[in-house]
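Each chain, letter by letter, is given below.
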Amino acid sequence: MKLHSENFPLRPAWTEIDLGKLRRNLQLIRRDLPGAVKLLAVVKDEAYGHGALDVARIALDEGAWGCGLSTLEEAMTLRDEGITAPLLLLGERQEAELSWCVAHDLTVCVNEPQIVRTLAKIATAFGKQVPVHVKIHSGMSRYGVRWDEALPLLDLITAEKALRLEGVMTHFAQSDETDKTFANLQFARFNEVLAGLAARGVSVPLRHTCNSGGFLDLPQAHLDMVRVGILLFGIFPSSVCRRIPGLEPVMSVKARIAAIQPLKPGEVVGYGMRYTAPSERRIAVLPIGYGDGFPRVRNQGSVLIHGRRAPLIGGIAMDALMVDITDLPEAQMWDEAVIMGRQGGEEITVHEIAKLKNSVSYDVLTGWRLRLRRKHVNRDIANRAVLDESAHVATAPA
Ligand SMILES: *Cc1c(COP(=O)(O)O)cnc(C)c1O
């Protein structure tokens, strides 16, 4: 056997991406959505850490209209891999990027006159009529043209022969909480813009406002398309939003026990000696740490081994964390531990880790570093329909 860098054994810590579950989630979401409403699969930031190319392929196969991305590099990677579907760049564009966008048919959001003019010039030079989307800032104060200043910009676009106004969109600051007051205000402002367009006789084929939270809880705002990210991966954006039964998390994080240490009473564990054994203990070392994206906690949290919780002890290191396995005598070297995900009847949710990190599920999913290689499972299942219409659909985790 040749000992090359492409066939070395992978380290005993990894993220597992269940493409069968991803496909099933997509089928459940597609089934929940009215048939006329298109689905934009948001696959920015490597599909929230799940691997953009695989997710994009499966989403498009399951009927997504296109993919939403943040950066030119993300979109170019998909184009280079042969994805020909619409790719919508959701963020702000530098003028220097526009030639690439036109050359590779990447759809951009425009929200200021200078970009409109430059884009039209480039499109003309390429002999193309390019679709554009306009992002309306309706109250979130992030990207976009203010709702009360949008019509002049829209007029500018409709006057450019090289541009085609394909979409108008807005983004909700809060769509997944019980109180929808601000979302409703934003939607009303967005509708003022749509009314202005209608008064001009301009019809826009893709009016879109909803992220996962809006898709679940603001059906009146679905319009022509919804932009769904986190829900594709089986994670609900909040604890109070509507549930779609059967959705399951796609990502797990796993590691194997790489050392076992017996402790005598009074012995300490890890940097800073943050844990002192109160009695004889047995501890396992897992080769994963804050250098992989695990929150830098001390004596907090747990992992699953043999389907049961083993508490973290001491401070977590860059490449290691220690857990107490005194109550798991069956645990042995190289046994599999689940850092995030299910094992037996137990589960460590993304929300549980988010709490340790003092953050949100989005941050946890995208925060796992790439030195944890992605292991894709159920690619075979992922190649065929997995949603059995007659099967009883399991209830979603709370
Ligand atoms: C990221 C993003 C989404 C997807 O949000 P989820 O909450 O993950 O569904 C939708 N629209 C825009 C503009 C985004 O930036």
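Residues numbered from 1 in each chain as written. Predicted model: local features only at pLDDT ≥ 70, side-chain atom pairs only at ≥ 80, totals over all residues. Heavy atoms only, no water.

Chemist: What am I meant to see in the overall build of the chain here?
Modeler: Secondary structure summary: the chain contains 11 helices and 21 strands in total. Principal axes of the C-alpha set define a box for the chain whose edges measure 80 × 55 × 50 Å. Going through the 398 residues of the chain one by one, you find that 52% of them count as buried. Just so you have it, the chain exposes about 18100 Å², and 52% of that area is on carbon and sulfur atoms. For the chain, the separation between the mean place of its 47 positive charges and that of its 46 negative charges on side chains is 1 Å. (Helix = DSSP H or I, 4+ residues; strand = E, 2+ residues; numbered from the N terminus. Buried < 20%, exposed > 50% of the residue type's maximum accessible area, 1.4 Å probe, protein only. Areas by Shrake-Rupley, 256 points an atom, 1.4 Å probe, with all protein chains shown as cover. Lys, Arg positive; Asp, Glu negative; His and termini not counted. Charge placed at Lys NZ, Arg CZ, Asp CG, Glu CD.)

Chemist: Any chance you could explain the site of the ligand here in plain terms?
Modeler: Every one of the 14 residues lining the ligand counts as a neighbour, but K44, Y48, S212, R227 and Y362 are closest to it. One nitrogen or oxygen atom from the side chain of S212 is found 2.6 Å from an oxygen atom belonging to the ligand. Y362 places a polar side-chain atom, nitrogen or oxygen, 2.7 Å from an oxygen atom of the ligand. Within the complex, the protein chains bury 93% of what would otherwise be the 390 Å² of accessible surface of the ligand. Mapped onto the shell around the ligand, the elements with two or more residues apiece are α2 (44–49) and β10 (225–228). (Near = heavy atom within 4 Å. Polar contact = N/O pair within 3.5 Å; in protein donor to acceptor, adjacent residues only side chain to side chain.)

Chemist: Just checking my understanding: could you explain the nonpolar core for this structure?
Modeler: Here is a general trend for soluble globular proteins: nonpolar side chains tend to be buried in one another's company. In this structure, V134, I288, V303, I305 and W368 are the most contacted members of the largest nonpolar core, which totals 122 residues. Lining this core are residues from two domains, each supplying at least three of them: domain 1 (18–233) and domain 2 (251–367). Contacts of V303, omitting those with residues within four sequence positions, involve L286, R308, R309, A310, L312, L321, V323, A337, V338, I339 and I348. The next biggest cluster of nonpolar side chains, apart from the first, holds 10 residues, and it includes A277, I283, I313 and M322. (Core = buried A, V, L, I, M, F, W, Y, C linked by side-chain atoms within 4.5 Å. Domains from an automatic or database assignment. Contact = heavy atoms within 4.5 Å.)

Chemist: Can you walk me through the domain arrangement of the chain in this structure?
Modeler: Where the parts come together, the accessible area they lose is often given as the size of the interface. Its domain assignment divides the chain into domain 1 (18–233) and domain 2 (251–367). Computed from C-alpha coordinates alone, the two centres of domain 1 and domain 2 are separated by 40 Å. Counting residues at the interface gives 5 residues for domain 1 and 5 residues for domain 2. Carbon and sulfur atoms supply 67% of the area that domain 1 and domain 2 bury against each other, a total of about 590 Å² over both sides. Counting the surface domain 1 buries against domain 2, the share from its top three residues, Y48, H50 and I230, is 66%. Scanning the region where domain 1 abuts domain 2 turns up 0 residue pairs in polar contact (both at pLDDT 80 or more). In terms of residue class, the side of domain 1 that touches domain 2 is built from 2 nonpolar, 2 polar and 1 charged. (Buried area = accessible area lost by both parts, 1.4 Å probe. Nonpolar A, V, L, I, M, F, W, Y, C, P; charged D, E, K, R; others polar.)

Chemist: Please explain the pairing of β10 as it appears in this structure.
Modeler: Across a regular strand the side chains alternate sides, sitting on one face of the sheet and then on the other. The alternating pattern of β10 places M225 and R227 and V226 and V228 on opposite faces, both of which are buried. Sheet topology places strand β2 (residues 38–42) next to β10; 4 bridges connect them, and they run parallel. The residue of β10 that forms the bridge with L40 is R227. Summarising the sheet, strand β9 (residues 206–210) and β10 pair through 2 bridges and their orientation is parallel. When the bridges of β10 are listed, C210 appears paired with V226. Crossover handedness for the path β9 to helix α9 (residues 212–217) to β10: right-handed. (Pairing = 2+ DSSP bridges. Right-handed = clockwise from strand over helix to strand, strands pointing away.)

Chemist: For this particular structure, what's the right way to read helix α8 (residues 181–199)?
Modeler: Three or four residues apart is the spacing at which side chains of an α-helix point the same way, because the helix has 3.6 residues per turn. A rise of 1.5 Å per residue sets the reference length of α8, with its 19 residues, at 27 Å; its end C-alpha atoms lie 27 Å apart and thus fit the reference within 8%. Along α8, the positions that sit buried rather than exposed are A183, Q186, F187, R189, F190, V193, L194, G196 and L197. Next to the buried residues of α8 lie β6 (130–137), α7 (150–159), β8 (163–170) and β9. After α8 finishes, the residue G201 shows a positive phi value of roughly 75 degrees. (Expected span 1.5 Å × (residues − 1).)

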